[in-house]
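Per-entry structural report
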Amino acid sequence: MSKLGAVVEAVEKHGRFVLEQVKRARSDEKFAQAVTDRWNKVKAEIPISKAPTGLPLPRLALPEIDEPGEIARYLFGDGLPGEFPYLNGAYREMYLEPLREIESFEKNGEAVAAGVPRARKSKVRPARPPLQEEPTRLFSGLMLAEDTNKRFHFLSAHQRSKRLSTAFDGPTLYGVDSDADGVFGKIGEGGVAVDTVEDMVRLYDGFELGAPNFSASMTISGPAPIIMAMYIAAAKRRFGAKVVPNLRGTIQADIFKEVQAQNETIFPTEASLRFLCDMIDWTTANMPRWYPVSISGYHIGEAGSTPVQQAAYTLSNGFAYAEMLSARGVPVDQFASRLSFFLDCGLDVEYIALARVSRKIWAIGMRDVFGANARGQMFKLHTQTSGRSLIAAEFKNNLTRTAAELMLAYMNGTNSCHSNSADEPFTTPSEEWIRLAAHGQAILLEESGIFKHTMNMLSGSPGMKAVERAVEKAILDEFREIESLGGVLAAVENRYQRSQIQNAAHRYEQQIYDGTRPIVGLNRYRNGADEMPEVELVRTPRAKQKLQVERLKKFKKKNAEKSKRALHKLGAVVERGENFFPALLEAVEVCSLGQITGRLQEIVGRFRPMV
């Protein structure tokens, strides 16, 4: 059996602990005074800033409560932003406008927001430097490496930080070279073609890969260790070996979600998990700023799951990875803080609180079951607006859908965010629509004042709390079901998650068909016209596809002898059961993606897709 049942017990035990603290605060005068004193101290230390209109606002919004029991319920049950159980955010300050100086204002002898007496007007320095990095991380991948590189420079031109998120084409996702049979027409379609380390160098050309304000995200799972090794090799070619500890970013690498929802994996499940853990083991020891796995619910959601299923399977997959790494002897405080997560954000009511509840459950499980420190308890989250919600009919409505989803994502305190483009039902996004997608986040975070002046601005309403309670119970119920099947891996082998996702997807489509799920422009408020709009299609020219094949063949010819030796060494390491990642780092210098994939498949076999 797995530790998932222990996580359920820990979450429920924490709930009982919170109630005990509430009762204690109402019966123990000394404890009540201590809780009240802490509450008043927190409020008194909240800086006051000005909106552009001159309106004074607190840097942190707290509920207006003074009864000791309710204070205890908030402090122990929700926690302040940046404090266990992190319901209100992984960090104390997120999205807020950088502070130059913060003034506190008097009004009738009382601070406007804190509700406690203040001294005369003063300047207050923030307790910690504000986060200077925008949460915007836009997803891009098209044609060849140089084309995606151009798009990266376009997207990041006006940002303080360069946060790049990379989509790969179909052949790359399956570890297949561009010169393989039947692949030619798919080269560079729906993502960027990457066959060799030389492609990886071109992909990130012009960016300082080891700079503090640069990070790269790569959406790929089956061949993720190979692509990760190529990224490291490309960085070393440009900046030398000293850059490796400074590399920042993440690679998706989540095998569980592939076998549960996508089938984009290339080795049998156990071999895939072994290769993934080898990569995590090596990177957590040598790349302290890198997240070597992004445990992904987004694709589970896109495959048709309910929001609760998405969160439950994502969290349970995360706990399963933690259990595997612990079993390998990797210290929890070495790997736990390097695990990151990826959820979608749609328009169902659960999304009002889905990420908040996920943060809480992860924190309790990692602290009380795995013994992780504070950094390892943090649920670091990237959110993407729902691709499934994008509709071809009257597709400009997708701008509104995405805007609403962005609001929900930021209400939930996501650490980074990608906004989909309205034209995605038809094509890889064009520059016009991807610019509008980026502007959606800029308008929300920079032009509006909703998130940039005050933390917790929209958190904790009665409606949000009701959804939190319902979502938490539903997630724990899913955990119990998975545990009853023997844990995540056993449930995967029994096709539990996959069958549940398929059932939910069928129900979703049936609801659209019978009208119980309204879709504006599709089954409600149609304008009567079914004409397809004229949208610019982004396609890879045949000449570029030929160029990619020519480059690959030239690389293989140049490294023919070296690649044989590297592949032999890599295979021997795998057969001996050693960590294969150091040998993989050598192999990517002279071998293509397809060559390495083929050699590994000779040893461990191929993945057989679930249907």
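Residues numbered from 1 in each chain as written. Predicted model: local features only at pLDDT ≥ 70, side-chain atom pairs only at ≥ 80, totals over all residues. Heavy atoms only, no water.

1. Details of the environment of E446
Going by this rule: Secondary structure is summarised from DSSP: a helix means a run of H or I of at least four residues, a strand means a run of E of at least two, and numbering begins at the N terminus for each. Should any heavy atoms of two residues lie within 4.5 Å, those residues are counted as being in contact.
Secondary-structure assignment places E446 in helix α16 (residues 431-447). If sequence neighbours within four positions are ignored, E446 has contacts with Q441 and K452.

2. A few points about unusual backbone geometry
Between F84 and P85 the backbone carries a cis peptide bond, its omega angle lying at 5°. Assignment of secondary structure puts P85 in the loop between α3 (68-78) and β3 (102-103).

3. Quick look at the packing of helix α11 (residues 307-327) against helix α13 (residues 354-368)
In a pair of packed helices, the angle between the axes and the distance between the axes together describe the arrangement. Note the threshold: Note on method: axes are straight lines fitted to C-alpha atoms, helices fitted across the in-contact stretch only, with angles between N-to-C directions ranging 0 to 180 degrees. If an angle is under 35 degrees, it is roughly parallel; if it is over 145, roughly antiparallel; if it lies from 65 to 115, roughly perpendicular; otherwise it is oblique. In a left-handed crossing the near helix is turned counterclockwise from the far helix by less than a right angle, and in a right-handed crossing that turn is clockwise. Amino acids are sorted into nonpolar (Ala, Val, Leu, Ile, Met, Phe, Trp, Tyr, Cys and Pro), charged (Asp, Glu, Lys and Arg) and polar (every other residue, Gly among them).
Orientation of α11 relative to α13, taken along the N-to-C sense of each, is 25°, at an axis distance of 11 Å. In terms of axis orientation, α11 runs roughly parallel to α13. Between α11 and α13 lies a crossing whose hand is right-handed. On the side of α11, the interface is formed by P307, V308, A311, L315, G318, F319 and A322, while α13 contributes L354, S358, I361, W362, G365 and M366. Among the residues forming the contact of α11 with α13, the class breakdown is 10 nonpolar, three polar and no charged.

4. Side note on the pattern of salt bridges
As a reminder of what qualifies: Put simply, a salt bridge is a Lys or Arg side-chain nitrogen that is within 4 Å of an Asp or Glu carboxyl oxygen. The buried label goes to any residue with under 20% of its type's maximum accessible area, the exposed label to any with over 50%, and the partly exposed label to all in between, with areas taken from a 1.4 Å probe on protein chains only.
Overall, the coordinates contain 33 salt bridges when judged by the stated rule. Among the ionic pairs, K465 bridges to D78, the shortest N-O distance being 2.9 Å. Pair noted here: K465 is in helix α17 (residues 462-484) and D78 is in helix α3, with a separation of 387 residues, a long-range link. Grouping residues by exposure puts K465 and D78 together as buried. Taken together, the shared-partner salt bridges in this structure form one network comprising E12, K473, D477 and R480.

5. Digging into the sheet that holds strand β10 (residues 249-251)
Operational definition: For two strands to count as paired, DSSP must find a minimum of two bridges between them.
Reading across the sheet, the five strands line up as β7-β8-β9-β10-β11 and stay open at both edges, with parallel pairing between neighbours. Every interior strand has two partners, whereas the edge strands, β7 (138-140) and β11 (290-291), have only one. Pairing of strand β8 (residues 162-167) with strand β9 (residues 214-219) involves six bridges; the strand directions are parallel. What sits directly across from A167, in β9, is T219.

6. Description of the layout of surface pockets
The line we're drawing: Cavities and pockets were defined on a 1 Å grid built from protein atoms only: a cavity is a group of points that admits a 1.4 Å probe but offers it no way out, a pocket is an open group of points flanked by protein on both sides within 12 Å along at least five of seven lines, and a lining residue is one with an atom within 4 Å of any such point. Grid points are joined across faces, edges and corners, and a volume is the space filled by probe spheres set on the points.
The calculated volume of the second largest pocket comes to roughly 1100 Å³. Forming the boundary of the second largest pocket are 42 residues, of which R73, Y74, D78, G460 and K465 lie nearest the centre. Going through the elements one at a time, α1 (4-27), α3, α13 and α17 are the ones with two or more residues in the lining of the second largest pocket. For the lining of the second largest pocket, the element with the most residues is α17, which contributes nine residues. Class assignment of the residues belonging to the lining of the second largest pocket gives a composition of 18 nonpolar, eight polar and 16 charged.

7. Thoughts on the packing of α1 against α17
Where α1 contacts α17, the axes come no closer than 8 Å and their chain directions differ by 150°. One element, α1, and the other, α17, form an angle in the roughly antiparallel class. The crossing of α1 and α17 is left-handed. Of the residues in α17, those touching α1 at L4, G5, V7, V8, V11 and E12 are E472, L476, F479, R480, I482 and E483.

8. Looking at empty space enclosed by the protein
This structure, assessed with the given rule, holds seven cavities of 30 Å³ or more. Taken as a whole, the largest cavity encloses approximately 140 Å³ of empty space. Together, 16 residues line the largest cavity, and Y95, Y410, M411, M455 and N456 are the ones closest to its centre. When the residues that make up the lining of the largest cavity are grouped by side-chain class, the tally is eight nonpolar, seven polar and one charged. Considering only enclosed or pocket space, the second largest cavity measures out at about 70 Å³ in volume. In terms of lining residues, the second largest cavity is bounded by L343, D344, C345, Y351, L354, A355, L381, T383, A409 and N412. Sorting elements by how many residues they give to the lining of the second largest cavity places strand β13 (residues 339-345) first, with three residues. Partitioned by chemical class, the residues of the lining of the second largest cavity number seven nonpolar, two polar and one charged.

9. Looking at the pairing of strand β14 (residues 380-385)
The side chains of a regular strand alternate between both faces of the sheet. Selection criterion: Look down the strands so they point away from you; if the path from the first strand over the helix to the second goes clockwise, the crossover is right-handed.
Burial of β14 is extensive: six of the six residues sit out of reach of the surface. A two-sided burial pattern is seen for β14, the buried positions comprising K380, H382 and Q384 on one face and L381, T383 and T385 on the other. Taken together, the six bridges between β13 and β14 define a ladder with parallel strand orientation. Looking at β14, one finds that F341 is bridged to L381. Pairing of β14 with strand β15 (residues 416-418), which is carried by three bridges, proceeds in the parallel orientation. Residue H382 lies in a different strand from β15, and its bridge partner there is S416. In this view, the connection linking β14 to its parallel neighbour β15 by way of helix α15 (residues 398-411) has right-handed handedness.

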